[in-house]
Amino acid sequence: MNLPIRLSKSSREPIYHQIENQIKALIASGQLTTGDPLPSIRLLAKELEISSITIRRAYQNLEYSGFIQTSQGKGTFVAEVDPDMKTSMASQAVEDAILKAISTARQHELSNKEIIRMVETLLQKEDNQ
Amino acid sequence: MTFPLVIKNLEKSIDDFHLSIPDLAIEEGTVTAVVGTNGAGKSTFFKMMMNLVKQDNGEIEVYGHSVRDVDDSWKQQIAYQAQTMIGCDAFTGEQLRNLMAELYPSWDEALFRRFSEKLNIPLNKKVQKLSPGVKTKLNLALNFGKNTSILMLDEPTAAMDIPSRNYFIQFLLELMEKGDRTVLIASHQADDIKKLADYLVFINKGRVSQLLEKDSLASSYRLFWLKEEPPVSRVPGEIKRTYKKVILSNQPDATMTYLSQNNLVIVDEQIPELEDIIQEILMEGEMVDV
């Protein structure tokens, strides 16, 4: 199975951390649900063109924080995740995306007011659709 | 942690060529790519591991047994693929299969058949009649059939077509799933290295680097696109400058500190492509310590 994971080469966030967060986001948004299988470490390493050591680290952290489970010989699966945790994960994901947009806006030397006005315009546009 | 291959203080001189490997321990379940320019000493390195070339100094151990011991049963634990199949011309694939199945107690017929059938290798033709690409495929099928815990492959994909190379990568990764196999692969194909390798070892003019984890190596470099050209010819960490404003650094933190102290704006930044890093290391002769 292919996971929609996109690594950013321009981010200063370590790669294992990017993988962890994106898998968490897939679980929080319901794209991955309890019991869904995850690709093997080797397969994901090949697909993302990074070392299996990095994937192992991400999987270990995810397992430690209760998002996934590995059973010997069967593979890795999505674990049962607390709904409250999912909600806080989802808001975290939105926050991260907004922060990224802010940093792009800063690069283009937009003021806070201009950024807020832009967000309001976009929200209105969305609502009208 | 198990280390199937261990090298200690290895030295070898052939005429005016000198190869030295200070210390190298290859971890079980990993794929290590041996990277170097032509003639850098990669094949000599492989041959020494197989005790086909004798080292002047130092020690090579396979699962704790010196390769120089009189008892050479360690050889049954390694499938070694040289760049050419020597002495095989007069035999057919089927005949070579019979030979290997007898030499290697771990022979796995299913692995051999699956690989040869998928790649349509004509097993009843004599090796001398085969094209270089098909020879390589047969060689791989035989080495996969040996079902050994260590695979040492010297440029295995050199003459192979793209679909076969992709199948080779997939096949090798499947073999790695159980986690008890260890692979050393010399390759000039960036794709092999990107998709397969966990660690890289560089051989540069006879000097061998330490074991470098692929992603740590990549993130120890960074490309910065600046808004303006820096006023100095070399900023801290800079190893290359293109278009006056694009800086490749091998000390990103030092570069970023300098840029922010001097109010130089970073427009964009990213980890460079692995090919570009390899290019820098091999062409500039720069040896990395991560």
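Cut-offs applied
- Residues numbered from 1 in each chain as written.
- Chains lettered and ligands numbered in written order.
- Predicted model: local features only at pLDDT ≥ 70, side-chain atom pairs only at ≥ 80, totals over all residues.
- Heavy atoms only, no water.
- Core = buried A, V, L, I, M, F, W, Y, C linked by side-chain atoms within 4.5 Å.
- Buried < 20%, exposed > 50% of the residue type's maximum accessible area, 1.4 Å probe, protein only.
- Helix = DSSP H or I, 4+ residues; strand = E, 2+ residues; numbered from the N terminus.
- Contact = heavy atoms within 4.5 Å.
- Domains from an automatic or database assignment.
- Buried area = accessible area lost by both parts, 1.4 Å probe.
- Polar contact = N/O pair within 3.5 Å; in protein donor to acceptor, adjacent residues only side chain to side chain.
- Salt bridge = Lys/Arg side-chain N within 4 Å of Asp/Glu carboxyl O.
- Pairing = 2+ DSSP bridges.
- Axes fitted to C-alpha atoms, helices over the stretch in contact; angles between N-to-C directions.

*Asks:* Tell me what's going on with the nonpolar core, and back it up with residues and numbers.
*Replies:* Residues and elements named next belong to chain B. Phe 115, Leu 138, Phe 144, Phe 168 and Phe 202 are the most contacted members of the largest nonpolar core, which totals 54 residues. Ranked by residue count, the leading element in this core is helix 5 (residues 162-176), at 8 residues. With sequence-adjacent residues up to four places away left out, Phe 115 is seen in contact with Ile 121, Lys 137, Leu 140, Ala 141, Phe 144, Tyr 167, Phe 168 and Phe 171. Core analysis: the next-biggest nonpolar cluster, separate from the first, contains 28 residues, Leu 19, Ala 186, Ile 203 and Val 208 among them.

*Asks:* Summarise the domain arrangement of chain A; cite the residues concerned and give the values.
*Replies:* A common measure of how large an interface is: the accessible area buried when the components associate. All names here are of chain A. Splitting chain A by domain gives domain 1 (15-78) and domain 2 (83-128). Placing the centre of domain 1 and that of domain 2 at their C-alpha centroids yields a distance of 27 Å. For the pairing of domain 1 and domain 2, the buried interface totals around 440 Å² over both sides, and the portion due to carbon and sulfur atoms is 79%. At the junction of domain 1 and domain 2, the tally comes to 0 residue pairs in polar contact (both at pLDDT 80 or more).

*Asks:* Describe the pattern of salt bridges, and please don't skip the residues or the numbers.
*Replies:* If you walk through the whole model with that rule in mind, you get 18 salt bridges over all chains. Among the ionic pairs, Glu 49 of chain A bridges to Lys 194 of chain B, the shortest N-O distance being 3.9 Å. Within this pair, whereas Glu 49 of chain A is found in the loop between helix 2 (41-48) and helix 3 (52-64), its partner Lys 194 of chain B is found in helix 6 (residues 190-196), the two belonging to separate chains. Lys 137 of chain B is the partner of Asp 161 of chain B in a salt bridge, and the nearest nitrogen-oxygen pair spans 3.0 Å. Highlighted residues: Asp 161 of chain B in the loop between strand 7 (150-154) and helix 5 and Lys 137 of chain B in helix 4 (residues 132-145), separated in sequence by 24 residues. Among the ionic contacts, a cluster of salt bridges with common partners joins Glu 49 of chain A together with Asp 191, Lys 194, Lys 195, Glu 273 and Glu 275 of chain B.

*Asks:* Explain the sheet that holds strand 2 (residues 68-71) of chain A to me, and be specific about the residues and the numbers.
*Replies:* All names here are of chain A. With respect to topology, 3 strands assemble into an open sheet ordered 1-3-2, the strand pairing being antiparallel. Pairing within the sheet leaves two strands with one partner each, and these edge strands are strand 1 (37-38) and strand 2. Relative to strand 3 (residues 75-78), strand 2 is paired through 4 bridges, and the arrangement is antiparallel. Among the inter-strand pairings, Ile 68 is bridged to a residue of strand 3, identified as Val 78. Sheet contacts for helix 3: strand 1, strand 2 and strand 3; angle to strand 2, the most-contacted strand, approximately 110 degrees.

*Asks:* Tell me what's going on with the pairing of strand 9 (residues 199-204) of chain B, and back it up with residues and numbers.
*Replies:* Side-chain direction in a regular strand flips from residue to residue, so the side chains alternate between the two faces of the sheet. Residues and elements named next belong to chain B. Summarising burial for strand 9: 6 of the 6 residues are buried, a large majority. Residue alternation in strand 9 divides its side chains into two sets, Tyr 199, Val 201 and Ile 203 and Leu 200, Phe 202 and Asn 204, and both sets are buried. Examined bridge by bridge, strand 3 (residues 31-36) and strand 9 share 5 bridges and lie parallel to one another. Residue pairing for strand 9: Val 35 is matched across the bridge by Phe 202. The sheet contact formed by strand 9 and strand 11 (residues 212-213) spans 2 bridges and is antiparallel. When the bridges of strand 11 are listed, Leu 200 appears paired with Leu 212. Examined bridge by bridge, strand 9 and strand 10 (residues 207-208) share 2 bridges and lie antiparallel to one another. Considered in strand 10, the bridge of Asn 204 is made with Arg 207.

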